[in-house]
Amino acid sequence: MPRFSVVLLIFLLFFCSGLYGQPWIQTDKNLSIISQQELRTHVRILADTIVRGRASGTPGALMSVQYLISCFQKFGLQPFNGRYWTQSFAIDSGLIGRNVIALLKGSGYSDEYLIISAHFDHIGTINQTVYPGADNNASGVALLLQLAEVFGKRAQKGDRPIRNILFVAYDAKEFDMAGSNHFAKTLSIPARKIIANINIDQIGCVLEPPHRNPEYLLALGAEQLTTDLRMIIDVSNRYYGIGLDVDYSFYGSPRFAELFFQLGDQIHLAHKKIPSVLFTSGIHAYTNKPTDLPALLNYAVLEKRTQLIYLVANDLATRKTWLRGR
């Protein structure tokens, strides 16, 4: 959508809101595929005691990898390199990490990509105590899988986006982001052909709202890397009536926002000048604790966050032109 059209759309939304008290709300039938039940199921499986906290190089991590692959296969996606779903790499401790990468081909012969990512690993066990990591980051992976399901089901009906989409589940976030670092270093796609990276990390709670509104979402990097990205988020949130309180300042602290952004998996692609945004609900008292359990999450709000991020991803993957830069 050209910049002029987007600006005009924003004007009309506010104009109609002023005249009639409520904005004109658009609908997207694909939003119905997103459900609290599906999100809850993914979180419950990934945070189950059987996977023992999903620490890199453990049997629990391998079980998580197999679950991710089975979901991507079910949704009709393909392995990125045409044969293998996983990308193995060495971790400093001698362990082997495994990123899981799935491809949804765009329509036609597009050579451009949108990357949607989330890390699936967590702390594992310490002194026989399991750290389930429901919010960090089973919640982000659940959202990633819901996006893959929506785009996959659309593709099965012949409705593919213009651009290719890579769904990447990173391993070894807890090992200095080794998985995302390896992915960025070995990526064969030229940076100029990647329109954006949407990274999702710890996104299921409502415990730390920036403005007292529990239905919120934190978005870091949208302002710094491209003005268009923030516009897409804001328009999608209002135009489709999602109604989240989207905060770009990370509690009003630019320095803290920059620090938090630097500690996210998206930083390695951002260093390649790829427009990158981190979606999160922030850290809280249960982060990296044994009490980070599935019951801690607010699935109604997580559903809304999933809907908004899907709309943003769909805009990025289907718009005919993309304006990079500040």
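In short, a report on the structure. (Residues numbered from 1 in each chain as written. Predicted model: local features only at pLDDT ≥ 70, side-chain atom pairs only at ≥ 80, totals over all residues. Heavy atoms only, no water.)

1. Section: the overall build of the protein chain
On a plain count of helices and strands, the protein chain comes out with ten helices and eleven strands. Taken over 326 residues, the protein chain has a buried fraction of 55%. Partitioning the contacts of the protein chain with sequence separation of at least 6, the portion at a separation of at least 24 is 81%. Summed over its atoms, the accessible surface of the protein chain is roughly 14200 Å², and 55% of this surface lies on carbon and sulfur atoms. (Helix = DSSP H or I, 4+ residues; strand = E, 2+ residues; numbered from the N terminus. Buried < 20%, exposed > 50% of the residue type's maximum accessible area, 1.4 Å probe, protein only. Contact = heavy atoms within 4.5 Å. Areas by Shrake-Rupley, 256 points an atom, 1.4 Å probe, with all protein chains shown as cover.)

2. Describing helix 4 (residues 134-156)
In this model, helix 4 (23 residues) spans 31 Å end to end at C-alpha, consistent with the 33 Å of a helix rising 1.5 Å per residue. Burial within helix 4 is extensive, with 21 of its 23 residues counted as buried. (Expected span 1.5 Å × (residues − 1).)

3. What about unusual backbone geometry?
With omega at 5°, the peptide bond leading from N136 into N137 counts as cis. Tracing the chain through its elements places N137 in helix 4. Despite not being glycine, R52 has its phi angle at roughly 55°, a positive value. Inspection of the secondary structure puts R52 in the loop between helix 2 (36-46) and helix 3 (59-74).

4. Observations concerning the pairing of strand 3 (residues 96-104)
The buried count for strand 3 comes to seven of nine residues, which makes it a mostly enclosed element. Both strand 2 (residues 86-90) and strand 3 contribute to a ladder of five bridges, which runs antiparallel. Along strand 3, the bridge assignment pairs Q87 with N99. Hairpin connection from strand 2 to strand 3: five residues lie between these consecutive antiparallel strands, with G94 at a positive phi of about 95°. (Pairing = 2+ DSSP bridges.)

5. Observations concerning the nonpolar core
Core analysis: the largest hydrophobic core is formed by 81 residues, its most contacted members being F72, F167 and I198. Examining the composition of this core, we find that twelve residues originate from one element, helix 4, more than from any other. Counting residues in each nonpolar core, the second largest holds 14 residues, with I101, F183, I194 and L269 among its members. (Core = buried A, V, L, I, M, F, W, Y, C linked by side-chain atoms within 4.5 Å.)

6. Points about the environment of D292
Relative to the helices and strands, D292 resides in the loop between strand 11 (276-280) and helix 10 (299-318). For D292 and A47, which are 245 residues apart along the polypeptide, the C-alpha to C-alpha distance reads 9.0 Å. In this view, D292 contacts P132, G133, A134, D135, N136 and Y286; residues no more than four positions away in its chain are not counted.

7. Let's talk about a nonpolar patch on the surface
Together, F256, L259, L263 and I283 line one region of the surface with nonpolar side chains, adding up to about 360 Å² of accessible area. Its place among the elements puts I283 in the loop between strand 11 and helix 10. According to the relative accessible area criterion, I283 is partly exposed, its value standing at 41%. (Patch = residues over 30% accessible without salt bridge, like charges linked within 9 Å, V, L, I, M, F, W, Y side chains within 5 Å. Salt bridge = Lys/Arg side-chain N within 4 Å of Asp/Glu carboxyl O.)

8. Considerations on the side chain of K173
Here K173 lies in the loop between strand 7 (164-170) and helix 5 (178-186). When near neighbours in sequence (up to four residues on either side) are disregarded, K173 contacts H119, D121, D201, L263 and D265.

9. Thoughts on the pattern of salt bridges
Under the definition given, this model contains eight salt bridges. Of the charged contacts in the structure, one is a salt bridge between D159 and R154, with a shortest N-O distance of 3.0 Å. On the basis of relative accessible area, R154 is assigned to the buried category, the value being 8%. Here D315 ties to R319 by a salt bridge, and the two come within 2.7 Å at their closest N and O atoms.

10. Brief notes about the packing of helix 2 against helix 3
One can describe the packing of helix 2 onto helix 3 by two numbers: an axis separation of 10 Å at closest approach and a directional angle of 155°. Taken as axis vectors, helix 2 and helix 3 run roughly antiparallel relative to one another. Counted together, H42, I45 and L46 of helix 2 and S64, Y67 and C71 of helix 3 form the full contact between these two elements. For the contact of helix 2 with helix 3, the per-class residue count stands at four nonpolar, two polar and no charged. (Axes fitted to C-alpha atoms, helices over the stretch in contact; angles between N-to-C directions. Parallel < 35°, antiparallel > 145°, perpendicular 65-115°, else oblique. Nonpolar A, V, L, I, M, F, W, Y, C, P; charged D, E, K, R; others polar.)

11. Here's the deal with helix 2
Inspection of helix 2 places L39, H42, V43 and L46 among the buried residues, and these make up the whole buried set. Each buried residue of helix 2 sits inside an arc of 95° when the element is viewed along its axis, so together they form one side. If you follow the buried residues of helix 2, they end up packed against helix 3, helix 4 and helix 10. (Arc of directions from axis to C-beta.)

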